[in-house]
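One letter stands for each residue in the lines below.
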Amino acid sequence: MLKHLYDTDCVTWSPQGKLFQVEYAMEAVKQGSICLGLKSNDHVVLCSLKRQPSELAGYQEKQFKIDDHMAIAIAGLTADARVLCKYMRTECLEYKYTYESHHPVGRLVFKVAEKSQHKTQSGAKRPYGVGLLVAGIDPNGVHLFETCPSGNYYEYKCQAIGSRSQAARTYFESWFHLFQKSNLEQLILHGLSAIKKAIMEDEELNEKNVEVGILGKNQKFTHLNAQELKNYIAQLETFNPNSQIQQE
Amino acid sequence: MIFNSELSGQQQHTTSPVVTGGSVIALVYKGGVVIGTDTLCSYGSMAAFKNVEKIAQVSKNTLYVSSGEFSDFQQVVKELAKIDRSALQYDDGVHPSPRDYGNFLARLSYKKRCKINPLYLQNVIAGFHNGERYLALVDIYGTYLESNFVTTGFASYFCKAIISNYWNENCTLDQAKQVIRECFKVLFCRDCRAHDMIQLGYVDEQGVHIEQAERVETKWDFNGFKTRANEKLHTQ
């Protein structure tokens, strides 16, 4: 209850050293449906669960291509995500116009983080209510970043954000040591298995409510189409990560 | 300092250069790229500054040289250095490749040309990145051309024949250097704004190497000069 004394705006600290508005913004991310990313030496895979507001509606897209070598998956306020997506796309285009090469991934994430931080230090603004998983490939290697409404960003081997993402993270903790050397197929199956851990009991994964995007060192960002998704989801029944250990 | 022209709102445009650098010749060789330029900055037809270092190291694997207005050259060197320093700002260890610099310079030149206030330069960028040699010319208009050899100024007229006959893209470093020295010999003889001190620099796998200035070989003790057999003195 004491929270209400210090949570009116971003320019007020609490006695415990917290900015409540920023923390509330991070809650918005936790309310979004789950999206996760994982990377190997050559690929990054993004998987997300798409929500359908009602039976009459379509499914909300959660992954957006930023450039041939970069894509994001979002969790939180879609409208805020659109703003950041547009900013990232513009930055990539400008970089390409000036240098004829791809925007370094870490640098763009840094720019987004700076933009987000601005919103946490003003009396008249509110933080972005969206967390991004940024997947990208540049001369420095294969990257997966998470950005936060607070303006922090972190690089990950694999990460899940959004609602019930802890279940996916638990799956990752058991199996992430296999990801580096996995091939693309194994990576996708790991991603889908992790998402499966996070869905409700009465839900099931199908090609309509799951979105899988892949990026490779020699492969531009693409989404799996409905048929490919169906195949992979079918393969989940017989997928056993243990067999991957025996191969090595 | 505020100039009268700024107060009256008149913008000055570069219409002709004041202090100029001479020709630049750059050749690709088997293990890298070598550039040669003379060490003279002319003030019109006066050989004003005779010992100028004109080969700039822009990053650990990129060289930049240009002919034309020397103050513009100095400004461009600063602009390119800014980009290299951005790696420090972002803390990510990502350094632009030579091609990034070349393209940036092309965009910068084009922007200034569109405002009818050009960087009065023919620019040459040379580099070695990921096992690949890189050499490009960016001209005063912002035209960007990558190729295996580049010449600016009078070298484009006098030296292309020498380069065709004595150079190929897989020659050794010494062969390429000799071709450049031969070219500057001819330039010193025929280009009024050329000088007999030149400087060579090259980029290879190990990085950038800029050599000391050297004198062009010249021969003046021809019989014809000594005896002046071809001329009749007007007092005779």
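As the structure is a computational prediction, the values presented were derived from the model and not from experiment.

> For this particular structure, what's the right way to read the sheet that holds strand β9 (residues 210-216) of chain A?
Strand pairing in a sheet takes place through backbone hydrogen bonds and is either antiparallel or parallel in direction. All names here are of chain A. With antiparallel pairing, the 5 strands of this open sheet are ordered in space as β8-β1-β2-β9-β10. Where the open sheet ends on each side, the last strands, each with one partner, are β8 (158-161) and β10 (219-223). Looking at each pair of strands side by side, their axes are set apart by 10° on average, direction ignored. With 4 bridges joining them, strand β1 (residues 35-39) and β8 adopt antiparallel strand pairing. For L38, the partnering residue across the bridge sits in β8 and is C158. Along the sheet, helix α4 (residues 165-175) contacts β1 and β8; its crossing angle with β8, the most-contacted strand, is approximately 165°.

> I would appreciate a short explanation of the sheet that holds strand β6 (residues 141-147) of chain A in the present structure.
Residues and elements named next belong to chain A. Spatially, 5 strands are ordered β3-β4-β5-β6-β7 in an open sheet, and the strand pairing comes out antiparallel. At either margin of the open sheet sits one strand with a lone partner, and together these are β3 (63-67) and β7 (153-155). Across the sheet, the mean angle from the axis of one strand to that of its neighbour is 25°, orientation sign disregarded. One ladder, built from 4 bridges, connects β3 with strand β4 (residues 70-76); its direction is antiparallel. Bridged to D67 within β4 is M70.

> Explain the interface of chain A and chain B here, please?
It is common to report an interface's size as the accessible area lost on association of the parts. Taken together, the 11 residues of chain A in the interface contact 11 residues of chain B. Carbon and sulfur atoms make up 54% of the surface buried where chain A meets chain B, a total of about 1100 Å² over both sides. Together, Y97, Y99 and R107 of chain A form the three largest contributors to the area buried by chain A at its contact with chain B, with a combined 51%. On inspection of chain A and its partner chain B, the count reaches 6 residue pairs in polar contact (both at pLDDT 80 or more). Listed by contribution, the elements that provide at least two residues to the side of chain A that touches chain B are α2 (78-99) and α3 (105-118) of chain A. Of all the elements, α2 of chain A adds the most residues to the side of chain A that touches chain B, at 4 residues. Here the residues of the side of chain A that touches chain B sort into 5 nonpolar, 3 polar and 3 charged.

> Would you explain the pairing of β6 of chain A in this entry?
Regular strands show a simple pattern: their side chains alternate between the two faces of the sheet. Residues and elements named next belong to chain A. Burial runs high along β6: 7 of the 7 residues are buried. Between strand β5 (residues 130-138) and β6, which pair antiparallel one after the other, the connecting turn spans 2 residues. In this sheet, β7 lies alongside β6 in antiparallel orientation, the contact comprising 3 bridges. From the neighbouring strand, E146 faces β7, where its bridge partner is Y154. The antiparallel hairpin formed by β6 and β7 contains 5 residues in its connecting segment, where G151 sits at a positive phi of about 95°.

> So what exactly am I meant to see when it comes to the pattern of salt bridges here?
Side-chain pairs of opposite charge can arise where the charged atoms are in close proximity. For the structure on display, the rule yields 16 salt bridges over all chains. One salt bridge connects E61 of chain A with K50 of chain A, and the closest N-O pair in it is separated by 3.6 Å. With E61 of chain A in the loop between β2 (43-49) and β3 and K50 of chain A in the loop between β2 and β3, this pair connects stretches of sequence that are 11 residues apart. Judged by relative accessible area, which is 36%, E61 of chain A ranks as partly exposed. A salt bridge links E211 of chain B to K177 of chain B, with the shortest nitrogen-to-oxygen separation between them at 2.6 Å. Taken together, the positions of E211 of chain B in the loop between β13 (207-210) and β14 (214-215) and K177 of chain B in helix α6 (residues 173-190) put the pair 34 residues apart, joining distant regions of the chain. On the basis of relative accessible area, K177 of chain B is assigned to the buried category, the value being 8%. Through salt bridges that share partners, E182, K185 and E217 of chain B make up one connected network.

Conventions adopted
- Residues numbered from 1 in each chain as written.
- Chains lettered and ligands numbered in written order.
- Predicted model: local features only at pLDDT ≥ 70, side-chain atom pairs only at ≥ 80, totals over all residues.
- Heavy atoms only, no water.
- Pairing = 2+ DSSP bridges.
- Helix = DSSP H or I, 4+ residues; strand = E, 2+ residues; numbered from the N terminus.
- Axes fitted to C-alpha atoms, helices over the stretch in contact; angles between N-to-C directions.
- Contact = heavy atoms within 4.5 Å.
- Buried area = accessible area lost by both parts, 1.4 Å probe.
- Polar contact = N/O pair within 3.5 Å; in protein donor to acceptor, adjacent residues only side chain to side chain.
- Nonpolar A, V, L, I, M, F, W, Y, C, P; charged D, E, K, R; others polar.
- Buried < 20%, exposed > 50% of the residue type's maximum accessible area, 1.4 Å probe, protein only.
- Salt bridge = Lys/Arg side-chain N within 4 Å of Asp/Glu carboxyl O.

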